[in-house]
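One-letter residues, chain by chain:
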Amino acid sequence: MQFAYGHREVLLNYSKIDLSSLLIGVLQHGVGPTFTLYSEWPTPRYRGLGRSNLWVYSKKAVIDLASEGVKNVSAIGSPWLYSKVLHGYSARKSSQKMKFLVFPRHYSFSYLSKITPLDILEKIHYWKSIAGSEQLEICLYWSEFLDPVWQQVAREEGVSLVCAGITQTTPVWSLADSRIDFYVNLRNIIDSATHCIFESFTSAIFYACDLKKNVGIFQNSSSVEEVNRSSAFQQEDQWLFKNVPKIFNSCESSSDLDAITFELLGYDELLSPEILSNILKYQSGVIPK
């Protein structure tokens, strides 16, 4: 998963480590509280010895995981933040026209979910009721973006669809722009909006907050049914209700969300290139250039 969204390339370029290098360990995949990191640990054993390294974004995640008995875990800050540094990101002026950007829940990774034109139409009409007369744009996961049903309904409704890129390529180390520029593309998409609407828990909530956008979670009846069918979705929603209740059904800035975003993205854990290169464990000459 170190290749997902160009994470490996961001960290190696920032640390000035050769791109032929493979990280010997597991990198946190997405942004969220510790219970969302279940797929990151236990890490594989390295050459039959101890567990390989686990690199997470925040110090709190290190403390929480240590209490679970996880070893060799270090906080290094998020690739999202390092990508901003690498590309010299600066926020757009706040005088831009109002625009609502929607992030629907994504249902699949390498296959298309079954969704009817009526399902999509219901969602778009709901989002239009939130945006009012303002511009509406929908940012889809790549598999939904390629779905002709989504494309057709969006065209008929006069709504534009965008996509930041893909998670992985074949081979995974391919330096395709659609993967390694994912965060650059996502920043540009989010920066074009003033308000970001979400159906569910996702890393993009914290990315939008980091870019100083008004963030809100809006769930119509079908979205609520989806949450009720999944214990994982319910746990995520419960966490959001407990920690940032004001962002439900309201698309405004939130000081609570600001503080959580600062922590989860690992602002306090950002390292210099020299220190990060010493913390990361890697083997050079593995990946073809």
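Residues numbered from 1 in each chain as written. Predicted model: local features only at pLDDT ≥ 70, side-chain atom pairs only at ≥ 80, totals over all residues. Heavy atoms only, no water.

A.B. asks: Requested: an account of the nonpolar core, with residues and values cited.
C.D. replies: Ranked by size, the top nonpolar core spans 39 residues in total, and within it Leu-101, Phe-103, Ile-190, Phe-198 and Phe-206 carry the most contacts. For this core, the secondary structure elements donating two or more residues are helix H3 (79-86), strand S5 (99-103), helix H8 (182-191), strand S8 (195-198), helix H9 (203-210), strand S9 (214-217), helix H11 (231-243) and helix H12 (255-265). Broken down by element, the residue count for this core peaks at six residues, all from H9. Residues in contact with Ile-190, not counting those within four places in the same chain, are Leu-101, Phe-103, Cys-196, Tyr-207, Ala-208, Leu-211 and Lys-213. (Core = buried A, V, L, I, M, F, W, Y, C linked by side-chain atoms within 4.5 Å. Buried < 20%, exposed > 50% of the residue type's maximum accessible area, 1.4 Å probe, protein only. Helix = DSSP H or I, 4+ residues; strand = E, 2+ residues; numbered from the N terminus. Contact = heavy atoms within 4.5 Å.)

A.B. asks: Account for the pairing of S8, naming residues and giving values.
C.D. replies: Side chains of S8 alternate between two faces, with His-195 and Ile-197 and Cys-196 and Phe-198 buried alike. As defined by bridge partners, S5 adjoins S8 across four bridges and the pair is classed as parallel. The partner of Phe-100 across the bridge, within S8, is His-195. Relative to S9, S8 runs parallel, the two sharing four bridges. Within S9, the residue paired with Cys-196 across the bridge is Val-215. Viewed along the sheet, the connection from S8 through H9 into S9 turns out right-handed. (Pairing = 2+ DSSP bridges. Right-handed = clockwise from strand over helix to strand, strands pointing away.)

A.B. asks: Can you break down the packing of aromatic side chains residue by residue, with the values?
C.D. replies: Under the counting rule described, the total for this entry stands at 13 aromatic pairs. Summarising the aromatic geometry, the rings of Trp-80 and Tyr-183 are spaced 5.6 Å apart at their centres and angled 90 degrees between planes, so their arrangement reads as edge-to-face. Taken as a pair, Trp-80 in helix H3 and Tyr-183 in helix H8 lie far apart in primary sequence, 103 residues in all. Each member of the pair Trp-80 and Tyr-183 is classed as buried. With 6.5 Å between their ring centres and 70 degrees between their planes, Phe-206 and Trp-239 make a pair best called edge-to-face. A residue pair is termed long-range when its members are at least 10 positions apart, and Phe-206 in helix H9 and Trp-239 in helix H11 qualify at 33 residues. Residue classification places Phe-206 among the buried positions, given a relative accessible area of 0%. (Phe/Tyr/Trp six-rings, centres within 6.5 Å; stacked < 30°, edge-to-face > 60°.)

A.B. asks: Give a description of the pattern of salt bridges that names residues and reports values.
C.D. replies: Within the structure shown, the criterion is met by eight salt bridges. Notably, a salt bridge pairs Asp-210 with Lys-84, separated by 2.7 Å at the nearest N-O pair. A residue pair is termed long-range when its members are at least 10 positions apart, and Asp-210 in helix H9 and Lys-84 in helix H3 qualify at 126 residues. A residue is classified by how much of its surface remains accessible, and Asp-210, at 9% relative accessible area, is buried. One salt bridge in this structure joins Glu-157 and Lys-128, with 3.1 Å as the shortest N-O distance. Taken together, the residues Glu-157 in helix H6 (residues 148-157) and Lys-128 in helix H4 (residues 117-131) connect sequence positions 29 residues apart. (Salt bridge = Lys/Arg side-chain N within 4 Å of Asp/Glu carboxyl O.)

A.B. asks: Give a description of the sheet that holds S8 that names residues and reports values.
C.D. replies: Pairing is parallel across the open sheet formed by five strands, whose spatial order is S7-S6-S5-S8-S9. The sheet is open, and its two edges are formed by strand S7 (160-162) and S9, each paired on a single side. Neighbouring strand axes in the sheet, compared pairwise and without regard to direction, differ in orientation by 25 degrees on average. For strand S6 (residues 135-139) and S7, the ladder comprises three bridges, and the chain directions are parallel. Residue pairing for S7: Cys-139 is matched across the bridge by Val-162. Strands S5, S6 and S8 of the sheet are contacted by H4, whose axis makes an angle of about 135 degrees with S6. (Axes fitted to C-alpha atoms, helices over the stretch in contact; angles between N-to-C directions.)

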